[in-house]
Structure formats: structure tokens, C-alpha cells
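# Observations on the three-dimensional arrangement
Spelled out from the first residue to the last, the chains are:
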Amino acid sequence: MMFLTRRIYKFNLHFNINQKLNIAWLHSSMDKEAEIERIVRIISDHPFPDKPLHPTLRHQIPNALLSTPIIEKVLGNLFGAHSNGLKAYELFKYCLESDFYIPSSGAFEKTLHILARMRYFDKAWELAERMKRDHPSLLTLKSMSIMLSRIAKFQSYEETLEAFEKMEKDIFSGKKFGTEEFNVLLRAFCTQKQMKEARSVFHKMHSQFPPNTKTMNILLLGFKESGDITAVELFYHEMVRRGFNPNNITYNIRIDAYCKKGRVGDALRLLEEMDLAGFPPSLETITTVIHGAGLVRNISKAKNLFDNIVERSLKPDTGAYNALMSSLIRSKDVGSAASLMNEMEKRNVEYDNVTYHNMFLGLMRSEGIDGVVTLYMKMIEKKFVPKTRTIVMLVKFLCENSRVDMGLDLWDYLVKKGHCPHSHALDLLVTGLCARGRVEESSDCCKQMLERGRVLSERVFQMMERFLVEMEEMDRLEELKSMMKKLKLSLPPKQHDVYCKMDQIY
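This structure is a prediction, so every number in the text was calculated from the model and none was measured.

## Focus on the overall build of the chain
Within the chain, the regular secondary structure consists of 28 helices and zero strands. Taking 23 Å as the expected radius of gyration for a compact globule of 506 residues, we find that the chain reaches 26 Å, a close match to that expectation. Overall, the chain is about 70 × 70 × 55 Å in size when its C-alpha atoms are taken along their principal axes. Scored against the burial criterion, the 506 residues of the chain give a buried share of 51%. Relative to all contacts within the chain whose residues are 6 or more apart in sequence, the contacts with residues 24 or more apart total 68%. For the chain, the exposed surface amounts to about 24500 Å²; the carbon and sulfur share of it is 51%.

What follows is the structure, given as C-alpha cells:
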């Protein structure tokens, strides 16, 4: 009893100190975002698993930074940076071992997502088991959804059902599974467009877990994501026949399905029907129809719908502006799209990756390299980090337009931000650099990728091998080989199998 009392006293003491340190830190002149970026960069640059990460974390992260929102933000940045999942896991484990840290469901879910995305399923189950033991309240439907959707993507139908059963009988033991958990399982298959499997699960288990409107909407969404408008309508009528009343989500799914197929007239008909049924269209609904009008290049309708947002006492957000901007760019009116982007800035509507991606796409088709470079410089000035598809598009365009130097500049910018660019971006950059005889810089980029726990594609390695042999840079080649061999040992089984062909290198 005395021991327990000491433990409680110690926890309260550390908690109070932690709170005071956090308050002092947040009110100091230290830039919070800069600190988060620094931690992300330290973790991304660390040569784990060659060297343990925990001593570095102890040395580099003061206790005041082990607060719930800061660690959650760091893990979110590591997720967005495509950092190696094991590094994120080491950070979360380090935090759990600290008396200064109180874990959150958000931090747990981000760590779980990073591990599952990279197919470290053994580690993901290990983490779930620890949460069951130490922090059972953090086990949520969202964490279940993250795990099941990745298992459905990378493993078999049977393995996904086995995972669901393991969660019911082991991880979430003591909790009676019902319709909400059943919906999570269905969503796992639907998000992967595995509608045959989703149907099978529904017919097999719906008597055990009585479906509700949300269940039917999940299946409807799955048919929509599969691009089968006929299946969407057939299932909608089946849903109504079974006695389920459509709600605003049902209408949104059907409207989006029609818009994606360019059937804007049908979407507008549903928009009116939705209003009459007592479900006022949301900003998201109107944004969907604006995008649909843009797909068929009906700019006047897209503009009318955008103006209708304010008339409905709603406020246009980044998504609504992006939808109209995309419509203008599809109609080759890049000037108006640029004006819309300026309007966003004046109205303090933040740019996101879609904003930049759409504008880059429009400039590539209209102004060429000069326009792209101007926007690129503005993006860097704002310290914005683009997402993978925009990075790949930019690197490809820059290299094709003899601006491989800017492609390398973008790579360096991302690395300094703690991000690990996607292997497709590396493929394009290395090809561009090697074609211009800049093999040493290509080798450095490959090293940076490997140091961050990401493998090289077979194509890139063979290219580097050929050029380094020609240049008699055997030390560089052996270093890359050694790094790849070590990294392969830490890969999860199924990723390891993908790279088994690389064995001939060694």
C-alpha cells in the first residue's frame, strides 16, 4: 500500500511539473512548430535500427515537450513524411515509458496507422496488446478500422476475418461486439473496393449483427468507390425495400457517384430532392456538385453553385475554392484560377495540397516552366510541404524541363523538413541527375532514402550500380549495398519477399 501511495505521489508530482513546464514553454519565445519540425527531423535522420533511438530522444527532447498535443503532432508529421514505421513506434514507446507523458487515442492511432501502412503487422498487434494491458480506454472503433482496412488491403479475406475475431475475443475482450463493430469490418472491405468480399460478410454476419442505416450507407459507398453507378442505384433501391430510410449521407454518396460519372443533371435533381426531403445540402454536398460541373466543363453552373454557397448562409472553405479552381483549370482559364487563389489569400482561406496541385497542373499546361518556378518559390517561402503526388509531378516536370537543379532543391527542402520523399520521386530525380553526369549527388540522395528506412527500387539500384562501376566508385557502391542489406533485415515479411530479387546484388 505504501509503495502504491509513493507511485501515485510520484505521478502527481511529475504531472504537475510537466504541466508547469508545458505552460512556461508555450508562453516562451520558442517557436512551437519549429520544435516539432526539429524533433521530426531528428527521428527521420536517425540511423535506427543500426543505433538505438531512445538515447537520442532522451538527449534531444526535454520533458516539457512530452505533452499529449505535441507528441500527437510529431507522430502526425512522421506519418505525412512517410517515415519508417519502426521509428515512430520507438518514439511512442519512449513516451509511454515516461512519467511526464499521458497518451492519447490520437497518438496511438497514428502510430498504429504508420506500422500497418508499412505492413509491420506483428508490431501493430504488439502495440494493440500493450494498449489493452496498460491503456484500454485508447482502443477505439477508429483504431480497429485502421488495422482492419490495412489487413484487408495487404492480406487475404480469411486473414481479415481472423483479425476481426481476434479483436473481438482478445484485444477488445470484455466488450460485446455489435452493429458498430460490424460496420467497421464492412468498411474495411468497402474502402479497398472489395465489394464481393463485403457482400459475403454482410450475408454471412447480418443475422448476428443487425444492420442499420449506417451499414447500408457503408455498402452504398463501397459500390460508389468501385465506380459502378448501376450497382449504386440497385443497392439504393434494395436499401429502401429493406425498410431503411435514406439520410443526408445517402444523398451525398449518390450525388458524388453521379458527379464522378459526369451526370451532373442527375446530381442536381438529387440535390433538389435532398432539400425537399428535409436534408439541406451541406457545404460538402455543394462542393461535390461544383467539382462534377467542372468535370463536364460547365463553368457557368460551377460558378452559380459556388455563389449559392453564400446564399445558403454557408462560408466557402478550401475544398469549395479548390473545386471551382479545378473547374476553371479544366476549362483552361488559368488566369481566373490564379485570381481565385489570390482571393483565398485575401479571405484567409488556407491553401492545401489540392490547391497547389491544381495550380501547378494549370501552369504546366499554360505558362510552362516559368509559371511553375514562380509558384514553387512562393510555396517554399510559405514553408508548405506538398504531398506525394504533387512532389512526384513536380520532380518529373522539372527534370523534363532541364531544371534538375530545382528537383534536387525540392528534395533537399523535404529532407530538411524531416520528410522522406516517395521512391517514385527518387526514381525520377536519380534518372535526371545521372543523365547529366551528376552521379555523386544521385548516390547521396539514395543514401538519404536508405538512412530514413526506405528501400530503393530495383531500377534505381541497377542504375546506380552501372554508373558507379563505370566511374570506379566502388566504395560508394559497397556502402549502398551494405545499407540495403541491413535495411532488408528489418523489413516485415511481405515487404522482405518483394525485395528478395535483390539478393543477387550481394
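Back to the write-up after that little detour.
## Considering the packing of aromatic side chains
The description of an aromatic ring pair uses the distance of the two centres, along with the angle that the planes make with each other. This model, assessed by the stated rule, comprises 12 aromatic pairs. Relative to F189, the ring of Y157 lies with its centre 5.6 Å away and its plane at 40°, an arrangement referred to as tilted. Taken together, the positions of Y157 in helix α9 (residues 157–171) and F189 in helix α10 (residues 179–191) put the pair 32 residues apart, joining distant regions of the chain. Judged by centre distance (6.0 Å) and plane angle (70°), the rings of F172 and F177 are edge-to-face. One exposure class covers both F172 and F177, and it is buried.

## So, helix α13 (residues 229–241)
With 13 residues, α13 extends 18 Å between its outermost C-alpha atoms, agreeing within 8% with the 18 Å of an ideal straight helix rising 1.5 Å per residue. Looking at α13, one finds that the buried residues are I229, A231, V232, E233, F235, Y236, E238 and M239. Tucked inside the fold, the buried residues of α13 contact α11 (195–205), α12 (213–225) and α14 (248–260). The N-capping residue of α13, defined by a side-chain oxygen 3.2 Å from the backbone nitrogen of T230, is D228. Residue G243 follows α13 closely and has a positive phi angle near 95°.

## Some thoughts on the side chain of T285
By secondary structure assignment, the location of T285 is in helix α16 (residues 283–295). Judged by relative accessible area, T285 falls into the buried class, the value being 1%. For T285, the side chain forms a polar contact with the side chain of N252, separated by 2.5 Å.

## Observations regarding the pattern of salt bridges
Two side chains bearing opposite charge may form a pair once their charged atoms approach each other closely. Going through the model one piece at a time under the given rule, you end up with 33 salt bridges. Here E343 and R347 are joined by a salt bridge, their closest N and O atoms 3.2 Å apart. Judged by relative accessible area, which is 28%, E343 ranks as partly exposed. The salt bridge involving K481 is made with E478; its shortest N-O contact spans 3.8 Å.

## Re the environment of Y321
With respect to the element layout, Y321 can be found in helix α18 (residues 318–330). Residue Y321 is classed as buried on the basis of its relative accessible area, which comes to 2%. Once the C-alpha coordinates of Y321 and M341 are considered, the two residues, 20 residues apart in sequence, prove to be 8.1 Å apart. For Y321, the contacting residues outside a window of four places in its chain are F306, P316, L340, E343, M344, R347 and V349. Side chain to side chain, Y321 and R347 meet in a polar contact 3.5 Å long.

## Digging into a positive patch on the surface
A cluster of like positive charges, contributed by R297, R330, K332 and R365, occupies part of the molecular surface. For R365, the location among the structural elements is in helix α20 (residues 353–366). Using a relative accessible area of 62% as the deciding quantity, one classes R365 as exposed.

## Some details on the packing of helix α23 (residues 404–416) against helix α24 (residues 423–435)
At a minimum axis separation of 10 Å, α23 and α24 run at an interaxial angle of 140°. Regarding the angle of α23 to α24, the classification is oblique. At the point where α23 passes α24, the crossing takes the left-handed sense. Between α23 and α24, the residues in contact are V404, G407, L408 and W411 and L426, L429, G432 and L433, respectively. Split into classes, the residues belonging to the contact of α23 with α24 amount to six nonpolar, two polar and no charged.

## Overview of the confidence of the model for the chain
In this model, the chain carries a mean pLDDT of 90, and residues with pLDDT of at least 70 account for 91%. Across residues 496–506 the pLDDT falls below 50, and counting only partners more than four positions away or on other chains, this stretch makes 19 contacts in the model.

## Things to note about helix α7 (residues 121–134)
Its 14 residues place the ends of α7 20 Å apart at the C-alpha level, agreeing with the 20 Å of an ideal helix rising 1.5 Å per residue. Among the residues of α7, those classed as buried are F121, A124, W125, L127, A128, R130 and M131. Buried residues along α7 sit against α5 (85–96), α6 (105–117), α8 (141–154) and α9.

## Observations concerning the environment of G278
Take G278: it is sitting in the loop between α15 (264–276) and α16. Of the residues examined, G278 reaches a relative accessible area of 52% and is grouped as exposed.

The rules behind each value
- Residues numbered from 1 in each chain as written.
- Predicted model: local features only at pLDDT ≥ 70, side-chain atom pairs only at ≥ 80, totals over all residues.
- Heavy atoms only, no water.
- Helix = DSSP H or I, 4+ residues; strand = E, 2+ residues; numbered from the N terminus.
- Rg over C-alpha atoms; globule rule 2.2 N^0.38 Å.
- Buried < 20%, exposed > 50% of the residue type's maximum accessible area, 1.4 Å probe, protein only.
- Contact = heavy atoms within 4.5 Å.
- Areas by Shrake-Rupley, 256 points an atom, 1.4 Å probe, with all protein chains shown as cover.
- Phe/Tyr/Trp six-rings, centres within 6.5 Å; stacked < 30°, edge-to-face > 60°.
- Expected span 1.5 Å × (residues − 1).
- Polar contact = N/O pair within 3.5 Å; in protein donor to acceptor, adjacent residues only side chain to side chain.
- Salt bridge = Lys/Arg side-chain N within 4 Å of Asp/Glu carboxyl O.
- Patch = residues over 30% accessible without salt bridge, like charges linked within 9 Å, V, L, I, M, F, W, Y side chains within 5 Å.
- Lys, Arg positive; Asp, Glu negative; His and termini not counted.
- Charge placed at Lys NZ, Arg CZ, Asp CG, Glu CD.
- Axes fitted to C-alpha atoms, helices over the stretch in contact; angles between N-to-C directions.
- Parallel < 35°, antiparallel > 145°, perpendicular 65-115°, else oblique.
- Left-handed = near helix turned anticlockwise from the far one by under 90°.
- Nonpolar A, V, L, I, M, F, W, Y, C, P; charged D, E, K, R; others polar.
- pLDDT = per-residue confidence, 0-100.

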